[in-house]
Amino acid sequence: MPGTAIWLAPALLTLAVTLSGLTSAQPWRDELATWSAATRSVRDLVRLAGNIDAATGPYYLLMHGWVALAGDSIVALRLPSVLAMTGAAALTALLGRRLAGARAGLLAGLLFALLPSTSRYAQEARPYALATLLAVLASLLLVDALRRPGWARWAGYAAALAALGLTHLIALTLLAAHAIAVLVAHRVGLTDGGGTRDRRRWFWLPAVLPAVLLVTPLALVARNQRGRQLQWVDIVRPADLTTLPGGVAQSSAVGGLLVGLAALGAARLGRRALLPGAAVLLPVSLLFVAGLAVPLWVPRYLVFVVPFACLLAGAALAAVALPGGLAVVVLAGLLGLPDQTALRHTHEWPRSAPIDYRATAEVIGAGQRPGDAIVYSPRRSWLFLNFGIEYQLGDRRPRDALLVESAARRGDLWAAECARPADCLAGVPRVWLVLSGRHTDPLTAVSGAKGAALRDGFTVTQVWHRPGLTLALLTR
C-alpha cells in the first residue's frame, strides 16, 4: 500500500464529507459567541477574557486574525474547523501506522472521517476541531521523539502541547496518557531500548514545561470564571458514562460500535494499545472524577479522544482482509447517516429545538421602516438573540432602542440595557420584539420595566412564529 495513500485517503474523505452541507445549519449560540468575539478589537478581546470565556480567549484571538483575512461568512467562520478535522484524519492514520501498522492506520483514518462527530465539529466555529488536531499531532510527535530522540522533535512536541492547552484546557488531560507512555516506553516498543536513547525519553519533562507555564495563568483566570461560565452544567452522575460514547460520536449507534471495536483493537494490540487506550480512558476518567465535585462534565469537551478510539478500532478491523475492514467502516457511515442529516439541519442541542435566527431576520429585513427599533427578550440569555439577528442582518437591522452599552465595550457577552425603558422608547413609532420560545401573547411574556413600557406604549400589530423564536411587530 503506497505510504501517501494511508493518510491522503482519510484526509480527502474527511474534506469531502465535512464540506458537504457546510452552510446548511445556521450558526448556533456558541458560534454566535465566536463571531461576536472574533469581530472585536484585540483590546476588547482582552477585556472579555478578563470577565468571561478566558479559556476560549486564545481561540477567539486566532479567529480574530482569521476573520480579518477571510471575512465572517458562515464558510469563513467554519473553514478553520474543516481544515483542522481534515488534518486530524490524516494524522490519525499516520499515528495508527506507527503503532499498529499501515492497514490499521488507513482504516482508523477512514472511520474517523465518517463519524458524525467529525462533521459536527468540523462544521462549527469553535475550538474542538483544532483541539482534536493538536491532540493527535502532539501524540504523533511524542512517539517520534521517543523513537528517534532529538531537540527538534522534542521542540515540536512542546509547541504542539502548548498550542493544545491554549486551545482547550481540558485537552491537557492527555498529558496523563503521555506520562504513562513515557514511563513504560521501553516496554511497549516506543523506544529502541538503547541506553542513551532510552534515557533521552526524560526530555519529556522539560518539553512539558512551556505548556505548563503558558496555560497555568489562563487556567487560574478561567477557574475564577467557572461560576458564570458553567452554571448550566450539572454535577456528573455514573449514568452519564453510559451516554458518553453517543455524545462524543454524535450518534448512539455509531458510538456503541466504536466502543466495541476499540475494545477488540485494544485486546489485539496488547501492550501497543497503551498510548491510544490511555489517551481515551484517562481524560474521560479525570474529567469524570473532577465532575463529581465541580460542574465540568460536558461530552463535547472530550471530542479530542475520538481519534484514539478510532485508532484502536482500526487495529481491530486490520485483523481481517482490507475489503472486510472497509465494509465495517461503510457500515459505521451508514449507521451515522440519520445523525449526519440532523446535524446539517441544526447545531442546537437538543436537535428537536432548533432556533431559526435567519427566518426571523428575513421577516424584519423585509418589513422594517425608517425609525423602527428592535427589542430583545430576554437580553441576558445564552441564546444570544441579539447576536443572532445582528449576524443575519448586519447594518440593515433596526436600531437597538434599549442598548446603552455594547457587549464589546462592557467586556462581556451581554450588553447593558436602558434602566428606564419607557424613556428610551419615547418617540419610537414601531418596535420589532424578538422573544425566545413560542408565545401567543408576546407582550405578557416580557417581564419587568421593559414589559411595562411595551404594554403601556404599544399594541401588537402582527406576530410571526419561527422555530425557537417569536417575533412581534408593535405599533405605538
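Scoring rules and cut-offs
Residues numbered from 1 in each chain as written. Predicted model: local features only at pLDDT ≥ 70, side-chain atom pairs only at ≥ 80, totals over all residues. Heavy atoms only, no water. Salt bridge = Lys/Arg side-chain N within 4 Å of Asp/Glu carboxyl O. Helix = DSSP H or I, 4+ residues; strand = E, 2+ residues; numbered from the N terminus. Buried < 20%, exposed > 50% of the residue type's maximum accessible area, 1.4 Å probe, protein only. Contact = heavy atoms within 4.5 Å. Core = buried A, V, L, I, M, F, W, Y, C linked by side-chain atoms within 4.5 Å. Pairing = 2+ DSSP bridges. Axes fitted to C-alpha atoms, helices over the stretch in contact; angles between N-to-C directions.

Caption draft 1: Structural view of the pattern of salt bridges. According to the stated counting rule, one finds 14 salt bridges in the structure shown. Of the charged contacts, one joins R29 and E348 as a salt bridge, the two residues approaching to 2.6 Å between their closest N and O atoms. Of this pair, R29 sits in helix α2 (residues 29-38) while E348 is found in the loop between α19 (337-343) and α20 (357-367), placing the two residues 319 residues apart along the sequence. With its nearest N and O atoms 2.6 Å apart, the salt bridge here joins R120 to E124. Classification of R120 by relative accessible area gives buried; the value is 6%. Given a relative accessible area of 1%, E124 falls into the buried group. One salt-bridge network, in which partners are shared between bridges, spans R379, D400, E417 and K450.

Caption draft 2: Representation of the environment of L337 within the structure. Tracing the sequence through the fold places L337 in helix α19. A relative accessible area of 46% means that L337 is categorised as partly exposed. Spatially, the C-alpha atom of L337 lies 9.2 Å from that of L114, the residues being 223 residues apart in sequence.

Caption draft 3: Main features of the side chain of R300. Here R300 is to be found in the loop between α16 (274-291) and α17 (306-317). By relative accessible area, R300 is classed as buried at 17%. Not counting the four nearest positions on each side in its chain, R300 is found in contact with W28, D30, Y121, Y128 and W232.

Caption draft 4: Representation of the nonpolar core. Core analysis: the biggest nonpolar cluster contains 87 residues, and Y157, L161 and L164 have the highest contact counts within it. The dominant element in this core, judged by the number of residues it contributes, is helix α8 (residues 128-147), at 13 residues. In this structure, L161 is in contact with A138, L172, L175, H178, V208 and A211, ignoring residues within four places of it in sequence. Membership of the second largest hydrophobic core comes to 38 residues, among which are V67, I364, F384 and W432.

Caption draft 5: Quick peek at the sheet that holds strand β5 (residues 430-436). Spatial ordering of the open sheet is given by β2-β1-β5-β7-β6, a layout of five strands whose pairing is mixed. This sheet does not close on itself; its edge strands, each paired only once, are β2 (399-400) and β6 (459-466). Across five bridges, the pairing between strand β1 (residues 373-377) and β5 is parallel. For V375, the partnering residue across the bridge sits in β5 and is L433. Across the face of the sheet, helix α21 (residues 385-393) comes into contact with β1, β5 and β7 (469-475) while running at roughly 140 degrees to β1.

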